[in-house]
Structures are given as C-alpha cells and as structure tokens.
Amino acid sequence: MKKVLFTLITAATLLTLTSTNANAQEYKNAIGGRFGSANGVSFKTSLKKNAMLELIGNFRSNKSVEYFNLTGLYEVYNPINGAPGLNWFYGGGATIGSAKVKGYSGDFYLSANGVLGLDYKFNGAPINLSLDWIPALQLTPDTGFWAGDVGLGVRFTF
C-alpha cells in the first residue's frame, strides 16, 4: 500500500511540474476526495486547453469485500453558457485494481472506463466540486459491463 501511495504522489508531482497550459475550468490543479460507492482520493491536472487528467485512488472494505483501484481519466471540458465556473465534461480512461471477497482468493482486474460529469469552481475560493458518472467495461479476469458509479468530488484547487 505504501508503494502505491508513493507512486500516486510521484505521478501527481511530475504531472504538476510539467503541465503549464490554461484550461476552461479556471484552475490548473486540484486535489481532494471523491465520494460514491467507494471513497477515495482524486487529483486533477491540466494537460492542455479544455483537457485534464484525473487520477482516482478508490478503496472499500466491509464485512464481505475489500478492494483498491487506481483510475486514470482523460477529460475534455466545455463551459456552460450563462453559468460562470460551471463546465460539463466527458472522457475515458482505464482502471487497474485488486478485489478480494472474504473467504476467497483475490483477483487483479483491468477495465476501460468512460466518464461524464459536471465541474464547478467557486469564484474567489480555492474550492472545486464535481459530480460524475464512471461506467466501466471490465476486461480481466472476466469480461462484463458495470453501469458505473456516481461520485461527488470535493477538491482544493491550486
């Protein structure tokens, strides 16, 4: 787990240092939480005008299941006319993770993801909110479609 956290922090730092373009969402970087069926850490960074990379590390543990996954999403942002600070976005990416059902051995999995959502940056405050839907096509160990997760992102922008 420490290696995964170190890798996430290193990747986020490198992306922050190499990214210099402006974007539609009025912030360059954002870090915070994403809350849905699984809670996790979310980091967004600008790639070019109107495009961002989002990295999400999710985890979940209860009496019957434990899992951890890392999702990378390329997101394209479009402003909503008449609503300053509000954008809608779409994109795609991939997830790699590990799931373990109590009493059974665990599996690594890989999926292709889509994303569709709304993103709002408060004027004059370093706060960003997003609401998104991330459906997935699981590729391994079994193939199948997952209708997805709706999540609320709350981030500090810089």
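The preceding data block contains the structure.
Residues numbered from 1 in each chain as written. Predicted model: local features only at pLDDT ≥ 70, side-chain atom pairs only at ≥ 80, totals over all residues. Heavy atoms only, no water.

S.K.: Mind laying out the sheet that holds strand E8 (residues 144–157), listing which residues take part and the relevant values?
M.R.: Strand order around the closed barrel formed by 8 strands is E1-E2-E3-E4-E5-E6-E7-E8, with antiparallel pairing between neighbours. Strand after strand, the sheet turns through a mean of 25° between neighbouring axes, direction not considered. Strand direction decides the pairing type here: strand E2 (residues 39–48) and strand E3 (residues 51–61), joined by 9 bridges, are antiparallel. In the strand pairing of E3, Gly40 is matched with Asn58. (Pairing = 2+ DSSP bridges. Helix = DSSP H or I, 4+ residues; strand = E, 2+ residues; numbered from the N terminus. Axes fitted to C-alpha atoms, helices over the stretch in contact; angles between N-to-C directions.)

S.K.: I'd like a rundown of unusual backbone geometry, residues and numbers included.
M.R.: Backbone torsion omega between Thr140 and Pro141 reads -5°, so that peptide bond is classified as cis. Considering the arrangement of structural elements, one finds Pro141 in the loop between strand E7 (127–140) and E8. Not every positive phi belongs to a glycine, and Asn50 is a case in point at roughly 70°. Take Asn50: it is sitting in the loop between E2 and E3.

S.K.: Tell me what's going on with the layout of surface pockets, and back it up with residues and numbers.
M.R.: Of the volumes computed, that of the largest pocket is approximately 390 Å³. Along the walls of the largest pocket sit 22 residues, with Asn69, Thr95, Tyr109, Ala136 and Trp146 positioned nearest its centre. Broken down by secondary-structure element, the contributors of at least two residues to the lining of the largest pocket are E3, strand E4 (65–79), strand E6 (107–121), E7 and E8. Taken together, the residues of the lining of the largest pocket sort by class into 9 nonpolar, 10 polar and 3 charged. (1 Å grid on protein atoms, 1.4 Å probe; cavity = no way out; pocket = protein on both sides within 12 Å on 5 of 7 lines; lining within 4 Å. Points joined across faces, edges and corners; volume = space filled by probe spheres on them. Nonpolar A, V, L, I, M, F, W, Y, C, P; charged D, E, K, R; others polar.)

Shape descriptors only; they carry no functional weight alone.
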